[in-house]
Amino acid sequence: MRPLALCAALWPLASCATLPSEGGDEGSLPNAGAGPFREIVQAELGSSRVAPHVMNDDERLVRDASVVDLDGDPSTAAAAGFFAATLRAEGAPDDAPPEPLAPPNAIVRHDAENGRSFARRSTTVFASELAWEGGAVAAPSALLVDGEIWLYYAAAGGIGLARSADGIAFAREPAPVLAPLASGEGWERGAVPASPGVVRLPDGSFRMFYEVAGDAGASSIGEARSDDGLAWERVGSGPALAPASLPDDGAPEADDAPFDGAAVLDPAPLLAMSAAGRPILRVYYAGRDRAGRSAIGMAARFGHDGPLQRAAAPVFGASSTLAPRAPWVTAHPGFSLLFVTQAAGTRDGQRYPVVAAGVAPADAALPPPGP
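Scope of this entry: the structure provided in the associated data block. Just so we're clear, the structure is a prediction, and the values are computed from it rather than from any experiment.

1. Focus on the overall build of the chain
Counting its secondary structure elements, the chain contains 1 helix and 23 strands. Taken over 371 residues, the chain has a buried fraction of 53%. Sequence-distant contacts, at least 24 apart, represent 53% of the contacts inside the chain between residues at least 6 apart.

Here it is in structure tokens:
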């Protein structure tokens, strides 16, 4: 019996991240596409974008990718990307600069024939207009459900759902499908659930992971389940994933301080299968340490229920100064793609959000990007 080892051979990390197997003759969890991820390079992206950015729009501040395989077949490349964006307010001057810290107010779609090089042309699928949304829609999580695209999203009053037969014209539920609990009820303490990540299980039911703000920015990740994707119930009496504990000396600046010791945010679940055919649920997330740095982490479990066990080392952005967050992973035969939101650069004027891509394993051969 061997563990899943996300070892640091692909980049300079000091330790391996190990997730144990369930037992018996299961063997190791398949980890070739789980991470770590390297940045995508120009030859893999083509001429439509500048690597590693698959989306760079300093006018609409496009961010928070959710990528859907249009035919549900991972061996085919064409995909639709749904992103949060900040559209210019009606009547605003054309030369008014966008505000990177303003909440996004629309969900836009960009298509990619190769699953990664998103076209510059976009379609706005909906903007904030319902009272409970509070002028903000963000963090899309899209999936195929019986031939439709269901898109969960975060807004001021909770998590909403919009559904579409063609991925362009969406009909929204009139109220949030996951709203805050009454103040003082449960561990969430009335916080508004945010940043949904939703998967559909083989039995047709749904699982949602979502962000819950805590004191002093110490966000955790909650879990909910649903039989129909509309009516949700929370799972457990505490977080599915909480910030990691500090090392024994308690010093946040220690070399062994966890990369996700201050907050865990932006969950993105992904279903996988072991070599013996056992289901695995992976949850990618953004982790923030006590010094304010962020990186992308992963937790996983055998089966669809039970506790998540985190990998000790991040799978992307361990030494990045660009604050990667909002991960989304798509699995393909022989490789996986990671999409993250991060700053465009480190200089003044480059702190607006862009979407970058990574690849795992590091030696993966991606199909040609095409024209």
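2. Things to note about the sheet that holds strand 17 (residues 263-273)
In spatial order, the strands read 17-18-19-20; together these 4 strands make up an open sheet with antiparallel pairing. With one partner strand each, in any of the chains shown, strand 17 and strand 20 (309-310) form the two edges of the open sheet. Relative to strand 19 (residues 294-302), strand 18 (residues 279-288) runs antiparallel, the two being bridged by 9 bridges. For Ala-286, the partnering residue across the bridge sits in strand 19 and is Ile-296.

3. Some points on the pattern of salt bridges
Applying the stated criterion to the full structure yields 16 salt bridges. The salt bridge involving Arg-38 is made with Glu-44; its shortest N-O contact spans 2.6 Å. Three or more residues are tied together by salt bridges with common partners; here these are Arg-207, Glu-223, Arg-301 and Asp-305.

4. Considering the nonpolar core
Membership of the largest hydrophobic core comes to 22 residues, with the highest contact counts inside it found for Val-54, Val-67, Phe-83, Phe-118, Phe-339, Val-355 and Leu-366. When contributions to this core are tallied by element, the ones reaching two or more residues are strand 4 (53-55), strand 5 (63-69), strand 6 (79-85), strand 7 (106-112), strand 22 (335-343) and strand 23 (353-360). Excluding residues that lie within four positions of it along the chain, Val-67 makes contacts with Ala-79, Ala-80, Gly-81, Gly-115, Phe-118, Trp-328, Thr-330 and Phe-339. Counting residues in each nonpolar core, the second largest holds 17 residues, with Ala-263, Tyr-284, Ala-286 and Phe-316 among its members.

5. Some remarks on unusual backbone geometry
In the segment running from Gly-35 into Pro-36, the intervening peptide bond is cis, with an omega of 0°. Considering the arrangement of structural elements, one finds Pro-36 in the loop between strand 2 (17-19) and strand 3 (38-39). Ala-51 connects to Pro-52 through a cis peptide bond whose omega is 5°. Looking at the secondary structure, you find Pro-52 in the loop between helix 1 (42-45) and strand 4. For Arg-189, which is not a glycine, the phi torsion comes out positive at approximately 55°. Among the secondary structure elements, Arg-189 is positioned in the loop between strand 12 (171-172) and strand 13 (194-200).

6. Quick notes on the packing of aromatic side chains
Within this structure, the stated rule accounts for 11 aromatic pairs. Here the aromatic rings of Phe-206 and Trp-232 are separated by 6.4 Å at their centres, their planes lie at 65°, and the arrangement is edge-to-face. Of this pair, Phe-206 sits in strand 14 (residues 206-212) while Trp-232 sits in the loop between strand 15 (220-226) and strand 16 (233-234), and the two are 26 residues apart along the sequence. Pair check on accessibility: Phe-206 and Trp-232 agree, each one buried. Each ring, one from Phe-259 and one from Tyr-285, has its centre 6.3 Å from the other, and the planes form 20°; the classification is stacked. In this pair, Phe-259 is assigned in the loop between strand 16 and strand 17 and Tyr-285 in strand 18, connecting sequence segments 26 residues apart. For Phe-259, a relative accessible area of 13% translates into the label buried. Among the aromatic residues, those joined into a cluster by ring pairs are Phe-82, Phe-126, Trp-132, Tyr-153 and Phe-170. The ring of Trp-150 is capped by Arg-163, whose NZ or CZ atom sits 5.1 Å from the centre of that ring.

7. Side note on the sheet that holds strand 10 (residues 148-155)
Read across the sheet, 4 strands follow the order 9-10-11-12 without closing on themselves; strand pairing throughout is antiparallel. Here the strands that pair on one side only, and so sit at the sheet edges, are strand 9 (137-145) and strand 12. Both strand 10 and strand 11 (residues 158-164) contribute to a ladder of 7 bridges, which runs antiparallel. Counted as the bridge partner of Leu-151 is Ala-162 from strand 11.

8. Side note on the environment of Leu-61
Of note, Leu-61 is situated in the loop between strand 4 and strand 5. Owing to a relative accessible area of 1%, Leu-61 belongs among the buried residues under this scheme. In sequence terms Leu-61 and Tyr-352 are 291 residues apart; their C-alpha atoms lie 6.7 Å from each other. For Leu-61, the contacting residues outside a window of four places in its chain are Ala-84, Ala-85, Thr-86, Pro-98, Glu-99, Pro-100, Tyr-352 and Pro-353.

What counts and what doesn't
- Residues numbered from 1 in each chain as written.
- Predicted model: local features only at pLDDT ≥ 70, side-chain atom pairs only at ≥ 80, totals over all residues.
- Heavy atoms only, no water.
- Helix = DSSP H or I, 4+ residues; strand = E, 2+ residues; numbered from the N terminus.
- Buried < 20%, exposed > 50% of the residue type's maximum accessible area, 1.4 Å probe, protein only.
- Contact = heavy atoms within 4.5 Å.
- Pairing = 2+ DSSP bridges.
- Salt bridge = Lys/Arg side-chain N within 4 Å of Asp/Glu carboxyl O.
- Core = buried A, V, L, I, M, F, W, Y, C linked by side-chain atoms within 4.5 Å.
- Phe/Tyr/Trp six-rings, centres within 6.5 Å; stacked < 30°, edge-to-face > 60°.
- Lys NZ or Arg CZ within 6 Å of the ring centre and 35° of its normal.

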